[in-house]
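Topology and contacts: notes
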Amino acid sequence: MTVSPKIEPLPRTKAYSPFAGLTMKQRDNVFVWMLVLPAYIVLMLVVFGPILNGIIISFTQNTLRTRENPTWNSFANYIELVESGDLLGYITVTFVFVGLVVGIQFLLGMGIALLIGNDLPGKNLLRGLFMLPWTIPSIVVAFIFLLMLQPEYGVINYTLGSLGIMDARTQWLQNPQLALPAVIMASVWRQFPIMLIMFVAGLQTIPHDTVEAAKIDGAGPVAIFRHITLPFLRSIILINVLLAIIRNFQMFTIIYSMTSGGPLGRTTTLSLATHFEAFRSFDWGKGAAIGVVWLGILVVITLFFNWLQRRDPMA
Amino acid sequence: MGSAVQAQDEPIVLDFANWIGAEESTSDDLAAMIAAFETAHPNIRINSQPTPFNQSLETLLIQSLGGDPPDVGMAHITWVAPLAEAGVLAPLNELLLNQEDYLPGILESQTIADSLVAVPWASSRVVMYANMELLAQAGYDSVPETWAEMLEMAYAVKDLGTGEDGGQIYGLGVSSGQVPGAGYFLLPYIWHYGGEFQSEEGNIVLDSEGTIAAFDQIKALFEDSVSPSGVEIRDLRELFAQGRIAFHWDIEAMVATFASLSPRAEEFRNAYEILLIPGEMPQTPTDTISIFHTLTIYEESPYQEEAALFIDFLTGPEGIAIYNANGGNKLPVRSSSGEIEFYAQPENAFLDVFIQAIEGPARSLPAQSSAFLDAMLALATANQRVALNGEESATVIADLQEEVQSLYAE
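Rules used in this analysis
Residues numbered from 1 in each chain as written. Chains lettered and ligands numbered in written order. Predicted model: local features only at pLDDT ≥ 70, side-chain atom pairs only at ≥ 80, totals over all residues. Helix = DSSP H or I, 4+ residues; strand = E, 2+ residues; numbered from the N terminus. Rg over C-alpha atoms; globule rule 2.2 N^0.38 Å. Buried ≥ 20, exposed ≤ 12 C-beta atoms within 10 Å, placed from the backbone. Contact = placed C-beta atoms within 7 Å. Domains from an automatic or database assignment. Nonpolar A, V, L, I, M, F, W, Y, C, P; charged D, E, K, R; others polar. Axes fitted to C-alpha atoms, helices over the stretch in contact; angles between N-to-C directions. Parallel < 35°, antiparallel > 145°, perpendicular 65-115°, else oblique. Left-handed = near helix turned anticlockwise from the far one by under 90°. Pairing = 2+ DSSP bridges.

**Let's talk about the overall build of chain A**
- In terms of helices and strands, chain A carries 12 helices and 2 strands.
- Seen in sequence order, chain A has helices and strands lined up from the N terminus as α-β-β-α-α-α-α-α-α-α-α-α-α-α.
- In terms of overall dimensions, chain A is more spread out than a globule: its C-alpha atoms have a radius of gyration of 28 Å, far above the 20 Å expected for 315 residues.
- Taken over the C-alpha atoms alone, chain A extends approximately 115 × 75 × 40 Å along its principal axes.
- Among the 315 residues that make up chain A, the fraction classed as buried is 29%.
- Here the contacts in chain A between residues at least 6 apart in sequence split such that 68% fall between residues at least 24 apart.

**Brief notes about unusual backbone geometry**
- For the bond running from A:Gly262 to A:Pro263, omega is -5°, close enough to zero to count as cis.
- Positionally, A:Pro263 belongs in the loop between helix 10 (253-259) and helix 11 (270-279).
- Unusually for a residue other than glycine, B:Asp114 sits at a positive phi of about 65°.
- As for its position among the elements, B:Asp114 is in the loop between strand 4 (111-112) and strand 5 (115-116).
- Looking at B:Asp114, the number of C-beta atoms within 10 Å reads 7, which means it is exposed.
- With phi around 60°, B:Ser225 is a residue other than glycine that occupies positive phi space.
- Assessed through the 16 C-beta atoms surrounding it within 10 Å, B:Ser225 is described here as partly exposed.

**Section: the domain arrangement of chain B**
Residue and element names in this part refer to chain B.
- Here chain B is described as being made up of domain 1 (12-123 + 290-357) and domain 2 (125-287 + 367-409).
- Here the C-alpha centroids of domain 1 and domain 2 sit 28 Å apart.
- Across the contact, 19 residues belong to domain 1 and 20 residues belong to domain 2.
- If you list the elements that add at least two residues to the side of domain 1 that touches domain 2, you get helix 3 (80-85), strand 10 (289-297) and helix 14 (351-358).
- When the residues that make up the side of domain 1 that touches domain 2 are grouped by side-chain class, the tally is 10 nonpolar, 7 polar and 2 charged.

**Some words on the interface of chain B and chain A**
- Counting from both sides, the interface comprises 22 residues of chain B and, opposite them, 17 residues of chain A.
- No other element matches helix 15 (residues 372-387) of chain B, which puts 4 residues into the side of chain B that touches chain A.
- Taken together, the residues of the side of chain B that touches chain A break down into 7 nonpolar, 10 polar and 5 charged.

**Let's talk about the environment of A:Leu81**
All names here are of chain A.
- Topologically, leucine 81 is positioned in helix 2 (residues 76-83).
- In this structure leucine 81 comes out as buried when scored by C-beta crowding, with 21 C-beta atoms within 10 Å.
- Residues leucine 81 and isoleucine 139, 58 residues apart in the sequence, show an inter-C-alpha distance of 30 Å.
- Once residues within four sequence positions are removed from consideration, leucine 81 is found in contact with Asp86, Leu87, Lys286, Ala289 and Ile290.

**A word on the domain arrangement of chain A**
- Domain boundaries in chain A define domain 1 (24-57) and domain 2 (85-310).
- Computed from C-alpha atoms alone, the centre-to-centre distance between domain 1 of chain A and domain 2 of chain A is 32 Å.

**Notes on the packing of helix 7 (residues 179-204) of chain A against helix 9 (residues 221-249) of chain A**
Residues and elements named next belong to chain A.
- Running from N to C, helix 7 and helix 9 cross one another at 160°; their axes reach a closest spacing of 10 Å. Viewed along their axes, helix 7 and helix 9 adopt a mutual orientation that is roughly antiparallel. Crossing of helix 7 against helix 9: the hand is right-handed. For the pair helix 7 and helix 9, contact is made by Ser187, Gln191, Met195, Met198, Phe199 and Gly202 and by Leu233, Ile236, Asn240, Ala244, Arg247 and Asn248, respectively.
- Its residues assigned to classes, the contact of helix 7 with helix 9 shows 6 nonpolar, 5 polar and 1 charged.

**Details of the pairing of strand 10 of chain B**
All names here are of chain B.
- Most of strand 10 is tucked away, with 9 of its 9 residues classed as buried.
- Side-chain alternation along strand 10 places Ile289, Ile291, His293, Leu295 and Ile297 on one buried face and Ser290, Phe292, Thr294 and Thr296 on a second face that is also buried.
- Sheet analysis places strand 3 (residues 72-76) next to strand 10, joined by 5 bridges and oriented antiparallel. Each bridged residue has a counterpart across the sheet, and for valine 72 the counterpart in strand 10 is isoleucine 297.
- In this structure, strand 6 (residues 119-131) lies alongside strand 10, joined through 7 bridges in antiparallel fashion. From the neighbouring strand, serine 123 faces strand 10, where its bridge partner is phenylalanine 292.
- Bridge analysis of strand 10 against strand 11 (residues 363-364) gives 2 bridges, and the strand direction is parallel. Across the sheet, residue isoleucine 289 finds its bridge partner in strand 11, namely arginine 363.

Laid out in structure tokens, this is it:
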């Protein structure tokens, strides 16, 4: 009979681990960062790299003539924009445009969502129809409104003139007082479906029994909206409004196609001003300076909304 | 840019940036020109890169400054200076073929600091289209011979009121758009009233009694509803094609455009005559503007000689004949191109008007500086201030002078 040699177990040695000493949660965090890091590096390169480059350009004299040897000119571009009054004008037009577009589409979106969010016959068809403007490219929307607002043969003037509401040859896009409302009209028409669909989705999350209980207690529609609907929709409202603000700060296609920033600069927002300085006047330094101001405003707004979000009592 | 590495027997590919390939009225002409060139030069292929006109300059600059320029680029006359200033254009003094065939002064107009930087391809003239049917309704049976007659007739046509379709009738169209083109279309008004854009020494001299008088006249045209207010050039073309404007200023190539816009199609051609913008007195020099579409070769192109062959074809008799095949009414820049059968056809007799102006009184745009485009934009904006905002001409012109001076000083 053969006796197998006794195999002694190997001595236990502690394997070296770079994560030794970390708690389980810390190890999880490290693992998550390792997964996210490649994407973060790409993001830094393709997003933050150009942003940093733009900020540097904004402090240089960089034009068609000096592009091969741009010179550092400190805050000269910013000072020139402020002293000429142009920057304040661009910021004013931008805030008015963004404020009105976001405000109007918020009211429209919320109002229609409340109407079709209920058990309304044909609500699905209505939701589909209301989404149609969002499916149309901005450039097409711009040309549709260009034709409709044409002073000599546009349908809007024809209709309003026939009803006696205004002069049948009213100037819209070349009237300094009406050009901005005209582009606001086009922008709201194009964008309110997104606001609407987010609110419709949000309304679905409100517990029915809470609403029923409120009704039993005698709460009317206004009280229900104020004390139940709005608190439940707070997060969605904040996100929706913030995204709408950012989207409209970036709005270029509709305004450029309809008015090219005119007449007399009455529709020149920060986005158009950057484009004009960089690609019409070939002054990349000044164009970048406007872009930096634009970026700064959006950062402040985003931080403000993040702060509001953190204060959400429902979170 | 055409591929720098070609297999031995592969044809050379030339990238040709243009806008006519993006326009319905000319895209077929371009395709035919390219096909004819490639047939004649089997070792060269043309890769057309069409971009809409309004984005063409930006695209050319971005491509060039980004290190990927085309081999050949089509450029409006007002774009040549900024492209040259960017240092992206190849000098054509030695490259251009058949230079002696070009009409007098044509090549000199595209020479900057002794370097020929662009070749005019087809010339255009801003002329006046006169709707004879509207003039007849207003009691006139001939075109105006003087500026004063033109204004008198314009007011008389305006007094006709509305047309059969209920649309307002206008006497003379003036664009109030905010684009450089709207600016240089105002130059005939300035020139006519004795104003100038630049002195012979190159100084900006907009602030003058002549310019103020021109702006006052334009303002009156809007206030008196002789011109539609707040419209751009494309709207004016539509209105003229609908038979609602008596006098419209535009380039000669609009004949085909009006036919496509008019409810009467080709028959609308019988409703109007074409003439040079009238001067102060009969038979005196007019204030018609001369414009060119040019062709440029890019410094970084490895196929500059092949590009020069392509340019020679496009500006030559065969290229111009194909360009005019669909009634494009392109005017020649070379003597040999001026002798093609197209210009001798009886139905094209009106082209004599334009051809007269080639060596005649038409004034070239003073576009030798890269600041010219911004200056024309400033001029268009000044027009808006006066016409749409009701500001005083003298104040606006003083601001305009200061603004354009600083643009040229930078």
